[in-house]
Amino acid sequence: MYSLLTKVYNEQVRLYGRTTEAVSETIRICMDRDILKEYLASRKKEVITMMMNLYDQDRILEIHIASEKKIAAKKTEDAAIQRMLKKGKFSIQEIAECLAVSTDRVREIEAGMLQEA
């Protein structure tokens, strides 16, 4: 029965996004179809709260993953800039253009490399 509720919920999320409306519609549809009807009738507020909390947790995870991807991309970009600077074949302007970053960013990394040396 729970898998049927989940299926209905996923359909409603496609229609309304992860909103209270999607949760409320899920409960209404499931009760109409006699899916966990007694449980949903007796614990409607609790179910809404629980489902919205699950959404909040999913959203926090999505934000965390996006943040980690951004950090990884920046590290990769920094490493590419460092490699290009070490080769000594490219000007700061050329590096900035190739990697679509600002010249200030390239200079910042270059300054950091000089301090480490």
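Everything below is about the structure printed above this text.
Residues numbered from 1 in each chain as written. Predicted model: local features only at pLDDT ≥ 70, side-chain atom pairs only at ≥ 80, totals over all residues. Heavy atoms only, no water.

Caption draft 1: Inspection of the overall build of the protein at higher detail. Scanning the protein from N- to C-terminus turns up six helices and zero strands. When the elements of the protein are put in sequence order from the N terminus, they spell out α-α-α-α-α-α. In summary, the protein has a C-alpha radius of gyration of 26 Å against a globular reference of 13 Å for 117 residues, an excess of more than 25%. Here the protein, with 117 residues, has 26% of them falling under the buried criterion. The contacts in the protein between residues at least 6 apart in sequence include a share of 45% that link residues at least 24 apart. Counting only carbon and sulfur atoms, one obtains 54% of the accessible surface of the protein, whose full area is about 8500 Å². If you average the places of the 20 positive and of the 19 negative side-chain charges in the protein, the two averages end up 3 Å apart. (Helix = DSSP H or I, 4+ residues; strand = E, 2+ residues; numbered from the N terminus. Rg over C-alpha atoms; globule rule 2.2 N^0.38 Å. Buried < 20%, exposed > 50% of the residue type's maximum accessible area, 1.4 Å probe, protein only. Contact = heavy atoms within 4.5 Å. Areas by Shrake-Rupley, 256 points an atom, 1.4 Å probe, with all protein chains shown as cover. Lys, Arg positive; Asp, Glu negative; His and termini not counted. Charge placed at Lys NZ, Arg CZ, Asp CG, Glu CD.)

Caption draft 2: Examining the nonpolar core more closely. Ranked by internal contacts, the top residues of the largest apolar core, which has 15 residues, are Val 23, Ile 27, Cys 30, Leu 40 and Met 51. Looking at this core element by element, the count peaks at five residues for helix α2 (residues 20-32). When residues no more than four places from it in sequence are discounted, the contact partners of Ile 27 are Leu 40, Lys 44, Val 47 and Ile 48. Ranked by size, the runner-up nonpolar core spans 10 residues in total, among them Leu 85, Ala 96, Val 106 and Met 113. (Core = buried A, V, L, I, M, F, W, Y, C linked by side-chain atoms within 4.5 Å.)

Caption draft 3: Looking closely at the side chain of Asp 78. Here Asp 78 shows up in helix α4 (residues 44-87). Among the polar contacts listed, one links the side chain of Asp 78 to the side chain of Arg 105, at a separation of 2.3 Å. Once residues lying within four places of it in the same chain are set aside, the contact partners of Asp 78 are Arg 105 and Ile 109. (Polar contact = N/O pair within 3.5 Å; in protein donor to acceptor, adjacent residues only side chain to side chain.)

Caption draft 4: Here's a closer look at the pattern of salt bridges. Scanning the model with the defined rule gives eight salt bridges in all. In this structure, Glu 46 and Arg 43 form a salt bridge, with 3.8 Å as the shortest nitrogen-oxygen distance. For Arg 43, a relative accessible area of 38% translates into the label partly exposed. We note a salt bridge from Glu 108 to Arg 105, for which the minimum N-O separation is 3.1 Å. Placement of the pair is Glu 108 and Arg 105 together in helix α6 (residues 103-116), with a separation of three residues, close to one helical turn. (Salt bridge = Lys/Arg side-chain N within 4 Å of Asp/Glu carboxyl O.)

Caption draft 5: Up close: the packing of helix α1 (residues 2-16) against α2. It is at 9 Å that the axes of α1 and α2 come closest, and there the two elements cross at 140°. For the element pair α1 / α2, the angle class is oblique. Along this stretch, α1 crosses α2, giving a crossing that reads as right-handed. Each of Leu 5, Val 8, Tyr 9, Gln 12, Val 13 and Tyr 16 in α1 lies in contact with α2, whose residues at this interface are Glu 21, Ala 22, Val 23, Glu 25, Thr 26, Ile 29 and Cys 30. Each residue belonging to the contact of α1 with α2 can be placed in one class, and the counts come to nine nonpolar, two polar and two charged. (Axes fitted to C-alpha atoms, helices over the stretch in contact; angles between N-to-C directions. Parallel < 35°, antiparallel > 145°, perpendicular 65-115°, else oblique. Left-handed = near helix turned anticlockwise from the far one by under 90°. Nonpolar A, V, L, I, M, F, W, Y, C, P; charged D, E, K, R; others polar.)

Caption draft 6: Geometry of α1. In this model α1 runs 20 Å from its N-terminal to its C-terminal C-alpha over 15 residues, within 8% of the 21 Å that 1.5 Å per residue would give. Buried positions along α1 lie against α2, α3 (37-42) and α4. The positive-phi residue at the C-terminal boundary of α1 is Gly 17, with phi of around 75°. (Expected span 1.5 Å × (residues − 1).)

The values reported here are purely geometric and, on their own, carry no functional implication.
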